[in-house]
Amino acid sequence: MKRPALGPLFGPAFALFCAFRFGDVVNAVTGIWLVPRYVPQDELGAVLPLAQVATALALPLSIVLTPYAKLLNVHAERGERGKVKAMVRDAALAAALALAAALALVPVFMPAVFRAFGIQDGNLALAIVFSSMIGAVAPVFTETLRALRRFATVSWSSALAPPLRFAVMCVALPFRGLTGYFVGQAAAPAFQSAVAMWDFARRSRGVRRERWWSGDRADFLAYLLPLAVSSVSGNVRGLAESMTLALVPKIESAAWYQLTRFSEIAAYAGLSIVFVLFPVASARHERGDDTRPMLLRAMSLAFLAGAAISATLALAGPRLFASVGFLRPFASFTPWLLPLGLLASARTASACFTTHELACRRFRFLRYTVPVAVLETLAILLLCRGPLRPAWHLPGVYAVMAAGTLATFAGNILDFLLPRAARERAVSVDMVS
């Protein structure tokens, strides 16, 4: 049988890239124009930190879903559809428990977050919780489609989700800015979850569920511990980074929001590759194939494409910001478009590396990513307290983010350069008998 011209990784990645980019145009309009129109400038800088809080609330569920995704890929590759069906059900139950736990945590720390940014709660806390949980539940179903290589379904549902999100925000934002934002954020993953459930249900009709936990328990737990360490350290660092935006002047935090809406365009190509990389690398690793050439291509394309887009944004940004009315207040900040774009590109390339290593059941990267995350978090906490507290501005926020990213990226490169045999001996975890 003739193989696709672009191969099993870059063919689906290109299709997803096209679908995602249509959605990104809509998302760009939503983030750059619609949200600032209804969210006051004094609250605009709180959007990204609150989104990071939502990510932290969904962290336990996200930790569980990654080993689930790995094992689901293994069973899908073996054609064990009954186990796949049982895993989907069990993951949905885990999501329900995670929602209950998140609701219980709301009164513990959300008031302090709102006070830091000087915003009112209203129903905002509940909107954040439900948005975070729905956003975390969606991978339960999209990971299933990804493991079963249903990339076409993922592509068209991903293209339709952003217009739906835009429509919901058009209705919700005028009522209450930040709350409406998070209501709109929940619309896209809810739609994608519904599509994935429909596609999986109709293709699994007649398939009987089979027990999977007794045979996979040891593998699941062996995968869970290092993943929990990585996820917790990374999310704590993300929270620390985002909370520095509460210390900068309001105009700078609002500028950071707008600038990052543009600079994240640099990550688009890499994120499409990350989505496809996990199941392809997992399947090849289980067959004993060398996946390092594929990883090298993925990281190179993610970073180089991002760097090229960053340079384009840096050249076009000053004229764009100076000529568009709602962007004009931030025109003096456009020199940050290039460094922010390069930061997004490096982080996406690192995400390719981490995704690949998780797919191959290797956790050596934790030896440097966790210490880097802990050191960066401690540095931020020290800088934010007592006599060490600086007058925070965007250069300080960027410096702490860039330092951690460069250290992690350098570790990825050194790790990649290790001979294959040494990498396998160091930390390979045999999850499949």
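For clarity, every value in this text was computed on a predicted model and none was experimentally measured.

1. Observations concerning the overall build of the protein chain
Moving on, step 1. In terms of helices and strands, the protein chain carries 16 helices and 0 strands.
Moving on, step 2. Sorting the 433 residues of the protein chain into buried and exposed places 52% on the buried side.
Moving on, step 3. In the protein chain, of all internal contacts separated by at least 6 residues, the share reaching a separation of at least 24 is 86%.

2. Overview of the packing of aromatic side chains
Moving on, step 1. Counted by the stated rule, this structure contains 7 aromatic pairs.
Moving on, step 2. Relative to Phe321, the ring of Phe262 has its centre 5.2 Å away and its plane inclined at 50°; by these criteria the two rings are tilted. With a gap of 59 residues between them, Phe262 in helix α10 (residues 250-263) and Phe321 in helix α12 (residues 292-323) connect regions that are remote in the sequence.
Moving on, step 3. Classification of Phe262 as buried rests on a relative accessible area of 8%.

3. Some words on the pattern of salt bridges
For side chains of opposite charge, pairing can occur when their charged atoms come near one another.
Moving on, step 1. Applying the stated criterion across every chain, the model contains 8 salt bridges.
Moving on, step 2. Across the pair Arg89 and Asp90 runs a salt bridge whose closest N-O atoms are separated by 3.0 Å.
Moving on, step 3. A residue is classified by how much of its surface remains accessible, and Arg89, at 39% relative accessible area, is partly exposed.
Moving on, step 4. By relative accessible area, which is 25% here, Asp90 ends up partly exposed.
Moving on, step 5. Residues Asp415 and Arg364 are paired through a salt bridge, measuring 3.8 Å at the closest nitrogen-oxygen approach.

4. Let's talk about the nonpolar core
Moving on, step 1. Counting residues in each nonpolar core, the largest one holds 105 residues, and the members touching the most others are Leu50, Ile128 and Trp256.
Moving on, step 2. By residue number, the principal contributor to this core is helix α5 (residues 81-117), which donates 12 residues.
Moving on, step 3. What Ile128 contacts, discounting residues up to four positions off in sequence, is Leu50, Ala54, Leu57, Met110, Phe114 and Phe182.

5. Observations regarding α12
Moving on, step 1. Between its terminal C-alpha atoms α12 stretches 46 Å, which fits the 46 Å expected from 32 residues at 1.5 Å a residue.
Moving on, step 2. Ala316 marks the point of greatest bend in α12, at about 45°, and the proline Pro318 comes within the next four residues.
Moving on, step 3. Every buried residue of α12 is accounted for by Arg292, Met294, Leu295, Ala298, Met299, Ala302, Gly306, Ser310, Leu313, Gly317 and Phe321.

6. A look at the environment of Cys360
Moving on, step 1. Tracing the backbone through its elements, the reader meets Cys360 in the loop between α13 (337-359) and α14 (366-383).
Moving on, step 2. Here Cys360 falls in the buried class, since its relative accessible area comes to 0%.
Moving on, step 3. Taking the C-alpha atoms as reference, Cys360 lies 5.8 Å from His285; in sequence the two are 75 residues apart.
Moving on, step 4. Leaving out residues up to four positions away in the same chain, Cys360 has contacts with Ala281, His285 and Thr291.

7. Notes on the confidence of the model for the protein chain
Moving on, step 1. Summarising the model, the protein chain shows a mean pLDDT of 80, and 87% of its residues fall at 70 or more.
Moving on, step 2. This model gives residues 1-7 a pLDDT under 50, and the stretch forms 5 contacts once residues within four places in sequence are excluded.
Moving on, step 3. Below a pLDDT of 50 lies the segment residues 426-433, which in the model reaches 26 contacts outside its immediate sequence neighbourhood of four places, other chains included.

8. Some remarks on α10
Moving on, step 1. Spanning 14 residues, α10 covers 20 Å between terminal C-alpha atoms, matching the ideal 20 Å at 1.5 Å per step.
Moving on, step 2. Within α10, 12 of the 14 residues are buried, which leaves the element mostly enclosed by the surrounding structure.
Moving on, step 3. Residues of α10 that are buried: Glu252, Ser253, Ala254, Ala255, Trp256, Tyr257, Gln258, Leu259, Thr260, Arg261, Phe262 and Ser263.

9. Focus on the side chain of His75
Moving on, step 1. Turning to its location among the elements, His75 is positioned in helix α4 (residues 59-78).
Moving on, step 2. For His75, a relative accessible area of 1% gives the class buried.
Moving on, step 3. A polar contact is formed between the side chain of His75 and the side chain of Glu80, at a distance of 2.5 Å.
Moving on, step 4. For His75, the contacting residues outside a window of four places in its chain are Glu80, Lys83, Val84, Met87 and Asp216.

10. Some points on the packing of α10 against α12
Geometrically, a packed helix pair is captured by the angle between its two axes and the distance between the axes.
Moving on, step 1. The geometry of α10 relative to α12 is characterised by a closest axis approach of 12 Å and an angle of 135° between their N-to-C directions. The orientation of α10 relative to α12 falls into the category oblique. In terms of crossing hand, the pair formed by α10 and α12 is right-handed. On α12, the residues touching Leu259, Phe262 and Ser263 of α10 are Leu313, Leu320 and Phe321.
Moving on, step 2. Across the contact of α10 with α12, the residue classes tally to 5 nonpolar, 1 polar and no charged.

Definitions and cut-offs
Residues numbered from 1 in each chain as written. Predicted model: local features only at pLDDT ≥ 70, side-chain atom pairs only at ≥ 80, totals over all residues. Heavy atoms only, no water. Helix = DSSP H or I, 4+ residues; strand = E, 2+ residues; numbered from the N terminus. Buried < 20%, exposed > 50% of the residue type's maximum accessible area, 1.4 Å probe, protein only. Contact = heavy atoms within 4.5 Å. Phe/Tyr/Trp six-rings, centres within 6.5 Å; stacked < 30°, edge-to-face > 60°. Salt bridge = Lys/Arg side-chain N within 4 Å of Asp/Glu carboxyl O. Core = buried A, V, L, I, M, F, W, Y, C linked by side-chain atoms within 4.5 Å. Expected span 1.5 Å × (residues − 1). Bend = angle between axes of the 7 residues up to and from the residue. pLDDT = per-residue confidence, 0-100. Polar contact = N/O pair within 3.5 Å; in protein donor to acceptor, adjacent residues only side chain to side chain. Axes fitted to C-alpha atoms, helices over the stretch in contact; angles between N-to-C directions. Parallel < 35°, antiparallel > 145°, perpendicular 65-115°, else oblique. Left-handed = near helix turned anticlockwise from the far one by under 90°. Nonpolar A, V, L, I, M, F, W, Y, C, P; charged D, E, K, R; others polar.

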